[in-house]
Amino acid sequence: MVKLYDVAVIGGGPVGSRAAYKLAGMGYKVVVVEQKERLGEPVCCTGIISQECVSSFAVDDGVIFRRVNSARFLSPSGKLLSLWRQEPQACIVDRAAFNVALASRAQGKGAEYVLNSPVRNIEVRNDRVRIEIAGQGAGLGFFEARAAVITTGFGSKLVEGLGLGKVGDFVLGAQAEVEAMGVDEVEVYFGQEIAPGFFAWLVPTLPQRALVGLLSRRNPGLYLRRLMSSLVAQGKIASAEAELSYGGVPLKPLARSYSDRVLVVGTAAGQVKPTTGGGIYYGLLCADIAANSLHQALASDTLSAKNLANYERVWKRKLGQELKVGYWARKFYELLSDRQIDRIFDIIKSNRIDEALLKADDLSFDWHGRVVLKLIGHKALSKTVEMIKLPFPLGRRG
Ligand SMILES: Cc1cc2nc3c(=O)[nH]c(=O)nc-3n(C[C@H](O)[C@H](O)[C@H](O)COP(=O)(O)OP(=O)(O)OC[C@H]3O[C@@H](n4cnc5c(N)ncnc54)[C@H](O)[C@@H]3O)c2cc1C
């Protein structure tokens, strides 16, 4: 007879493992079904998370490459804004080790991991979900559970197959691990010729090592190769030859993140900051919300979409406004020319807006909505904004 789990989590990334940890800790029988052969495989992600995330989720010291309390922001023509705070604001984690650490925690609570098992279909029945594995997988062919949590990250077709649609908008990313030369601070590069619609970065990890990457509306590999050549010429990295890895980041959430017996969480649901592409913290927060909603539904055995809708209400209450304002800011940035971005750097510097922001309590690595609205409300900046023709109405707030 097939074993019936309480919950099948599809995808053993950070969000899946967090959901599994919480649910297994509540006493449910949980299986995590992951397509990769090993949990510690490299991930196309820079691994920057806030101090708030590290504290909230008690991230192990052992997976942290370094702590960050400063960053250099460079405009298209090379104008520099340096941000520095006394206390570390963020950490750079080893993403592969981070995944393993979160999975170990879930396993410690009793969650089972089944690797090398790409899920190709989820069938929702009256009293259970049936999870079908493509090819040989773990040799089983399928799993059954009372409910499923989909945490398959970017670009999985499973969500669409359940009629929950697609994430509304997205950007593509490319990244490489390189030998760095004397790079000790995070550098962020802006410019439509550098990373159209988004930004690029050079992030030191271990001594002499760094991640160089970008998110972009198009051709991320091409733009990254160009950036790497430029960084070689500037003497910041040793070579432009490193292998590239590719990924994607949603900019808008799914229209609906639940159905009968199913919740969608993390990047698969579009729970990502549109301003930076960071999805780890929001995903972990939503994994906890998902586990709590599922706990109530499992306990009362009422797993209908109507009963699971509370999950979406709660996560949207927490993140909805941030995602909307962040998306708006992202769309606005895309309309700027390189000259306008340069001009904004000048205005920020000459009006000491950067210094004011650094002193403000609401400057946070994770919550950008208030800062975005504050910037729009700033007299000098709003003048520049008004000079730019927007294809959508500008809601003046702040
Ligand atoms: C270039 C780049 C840089 C980034 N940098 C940062 C950063 O610095 N900080 C940050 O917070 N975020 C960053 N992100 C985003 C971050 O990587 C994601 O938000 C985060 O990994 C989301 O975690 P997740 O568990 O939802 O999904 P994932 O980490 O993508 O995990 C999904 C898991 O599901 C598995 N899976 C997929 N489909 C199936 C299937 N059909 N069957 C079984 N298993 C399946 C995958 O193998 C994977 O293990 C970056 C993204 C990119 C592209």
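K.L.:
Requested: an account of the site of the ligand, with residues and values cited.
P.N.:
Surrounding the ligand, one finds 32 residues, the nearest of these being Glu34, Ile48, Arg95, Val119 and Thr267. Contact between the ligand and Gln35: a nitrogen atom at 3.1 Å from a main-chain N or O atom of the residue. Contact with the protein chains removes 89% of the 1000 Å² of surface that the ligand exposes when unbound. Per-element tally for the shell around the ligand: the top contributor is strand S16 (residues 245-250), with 3 residues.

K.L.:
Requested: an account of unusual backbone geometry, with residues and values cited.
P.N.:
With a phi angle near 50°, Asp301 is a residue other than glycine that sits in the positive phi range. By the secondary structure assignment, Asp301 is in the loop between helix H6 (280-299) and helix H7 (305-335).

K.L.:
Describe the sheet that holds strand S3 (residues 48-50), and please don't skip the residues or the numbers.
P.N.:
Taken in spatial order, the 3 strands make up an open sheet running S3-S7-S4, and their pairing is antiparallel. Taken across any chain shown, the strands that pair with only one partner, and hence form the sheet edges, are S3 and strand S4 (64-68). The sheet shows a mean angle of 30° between the axes of neighbouring strands, direction not considered.

K.L.:
Give me the lowdown on the layout of surface pockets, citing residues and values where you can.
P.N.:
Volume-wise, the second largest pocket comes out at about 370 Å³. Around the second largest pocket sit 19 residues that line it, and Pro42, Val43, Gln175, Glu177 and Leu211 are the ones nearest its centre. For the lining of the second largest pocket, the elements supplying multiple residues, two or more each, are helix H3 (95-108) and strand S12 (170-179). Among the elements that line the lining of the second largest pocket, the one with the most residues is S12, at 3 residues. Here the residues of the lining of the second largest pocket are counted per class, giving 11 nonpolar, 4 polar and 4 charged.

K.L.:
Tell me about the side chain of Ser70, residues and numbers included.
P.N.:
Tracing the chain through its elements places Ser70 in strand S5 (residues 70-74). The class of Ser70 is buried, set by a relative accessible area of 11%. At 2.7 Å, the side chain of Ser70 and the side chain of Glu185 are in polar contact. When near neighbours in sequence (up to four residues on either side) are disregarded, Ser70 contacts Leu83, Trp84, Glu185 and Val186.

K.L.:
Outline the sheet that holds S12, listing residues and values.
P.N.:
Pairing is mixed in the open sheet, where 7 strands are placed in the order S6-S5-S13-S14-S15-S12-S16. Where the open sheet ends on each side, the last strands, each with one partner, are strand S6 (80-84) and S16. This sheet shows a mean twist of 20° between the axes of neighbouring strands, independent of strand direction. As paired elements, strand S14 (residues 199-204) and strand S15 (residues 209-216) share 5 bridges and run antiparallel to each other. When the bridges of S15 are listed, Leu202 appears paired with Val212. Sheet strands in contact with helix H5 (residues 220-233) are S12, strand S13 (186-190), S14, S15 and S16, and its direction is about 140° off that of S15. Across the sheet, helix H8 (residues 338-350) lies against S5, S6 and S13, angled at about 50° from S6, the strand it touches most.

Definitions and limits used
- Residues numbered from 1 in each chain as written.
- Predicted model: local features only at pLDDT ≥ 70, side-chain atom pairs only at ≥ 80, totals over all residues.
- Heavy atoms only, no water.
- Near = heavy atom within 4 Å.
- Polar contact = N/O pair within 3.5 Å; in protein donor to acceptor, adjacent residues only side chain to side chain.
- Areas by Shrake-Rupley, 256 points an atom, 1.4 Å probe, with all protein chains shown as cover.
- Helix = DSSP H or I, 4+ residues; strand = E, 2+ residues; numbered from the N terminus.
- Pairing = 2+ DSSP bridges.
- Axes fitted to C-alpha atoms, helices over the stretch in contact; angles between N-to-C directions.
- 1 Å grid on protein atoms, 1.4 Å probe; cavity = no way out; pocket = protein on both sides within 12 Å on 5 of 7 lines; lining within 4 Å.
- Points joined across faces, edges and corners; volume = space filled by probe spheres on them.
- Nonpolar A, V, L, I, M, F, W, Y, C, P; charged D, E, K, R; others polar.
- Buried < 20%, exposed > 50% of the residue type's maximum accessible area, 1.4 Å probe, protein only.
- Contact = heavy atoms within 4.5 Å.

Interpretation note: all reported values are geometric properties and have no functional meaning in isolation.
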